[in-house]
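# Chain and residue survey
These are the residues of each chain, in order.
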Amino acid sequence: MKKYISPILMSLALIGTVSISTIEVEANTKAKVIEYKNCKELNKVYQGGVAKDAKVRNKGGKTKYQPFVSPELYKLNSKSDRDKDGIACER
């Protein structure tokens, strides 16, 4: 009987940590949908800027950071997309 208890307890502990990690990741991926005054303010939160779609590519060449994808956030800050490539405040 003791042979079976240890693997069962370890399995339950592993499942519990995976569930907690998943919840934390989901909480961190939700974006605050607000309009920023300028690119400096937006880049404090999203270093690579904000893209309206994951398929959008930067027209200006290679960038340092990956943009955060959020159609709602992009829509509010589209005024900061100077080259109209679908990424606002790319760096």
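Structure: above.
Fair warning: this is a prediction, and the values are worked out from it, not measured in the lab. Counting restarts for each chain: residues are numbered from 1 in the order of the written sequence. Only residues with pLDDT of at least 70 are given local features in this predicted model, and only at 80 or more are side-chain atom pairs given and counted; all residues enter the totals for whole chains, interfaces and linings. Processing note: side-chain calculations cover all non-hydrogen atoms of the structure and skip hydrogens and water entirely.

## So, the pattern of salt bridges
Any Lys or Arg side-chain nitrogen found within 4 Å of a carboxyl oxygen on Asp or Glu counts as a salt bridge. In this structure the tally under the stated criterion is two salt bridges. We note a salt bridge from glutamate 35 to lysine 79, for which the minimum N-O separation is 3.7 Å. Taken together, the residues glutamate 35 in the loop between helix 1 (2-29) and helix 2 (39-45) and lysine 79 in the loop between helix 3 (71-76) and strand 3 (87-88) connect sequence positions 44 residues apart. The cut-offs for exposure are 20% and 50% of the maximum accessible area for each residue type, with area from a 1.4 Å probe on protein chains only; residues under the lower value are buried, those over the upper are exposed, and the others partly exposed. Judged by relative accessible area, lysine 79 falls into the partly exposed class, the value being 46%. When the shortest N-O distance is used, the salt bridge between lysine 44 and glutamate 41 registers 3.6 Å. Remark: glutamate 41 and lysine 44 occur in helix 2; sequence separation between them is three residues, near one turn of the helix. The numbering of helices and of strands both runs from the N terminus, where a helix is a DSSP run of H or I of at least 4 residues and a strand a run of E of at least 2.

## Remarks on the side chain of serine 70
The topology assignment puts serine 70 in the loop between strand 2 (68-69) and helix 3. Among the residues examined, serine 70 registers a relative accessible area of 6% and is labelled buried.

## Remarks on the nonpolar core
One broad rule of soluble globular proteins: the nonpolar side chains tend to lie buried together. As used in this record, nonpolar core signifies buried Ala, Val, Leu, Ile, Met, Phe, Trp, Tyr and Cys residues forming a set joined through side-chain atoms within 4.5 Å. Tyr36, Cys39, Leu42, Tyr46, Val50, Leu73, Tyr74, Ala88 and Cys89 form the largest nonpolar core, which has nine residues in total. Those elements that provide at least two residues to this core are helix 2 and helix 3. Other than its neighbours up to four places away in sequence, valine 50 contacts Leu42, Pro67, Phe68, Ser70, Leu73, Tyr74, Gly86, Ile87 and Ala88. Only heavy atoms enter the contact rule, under which two residues are in contact if any of them lie within 4.5 Å.

## A short note on the environment of cysteine 39
Looking at the element boundaries, cysteine 39 is found in helix 2. Look at cysteine 39 and you get buried, because its relative accessible area is 18%. Each C-alpha atom, one on cysteine 39 and one on glycine 49, is 8.0 Å from the other, the two residues being ten residues apart in sequence. Apart from residues no more than four positions distant in its own chain, cysteine 39 is found in contact with Ser80 and Cys89.

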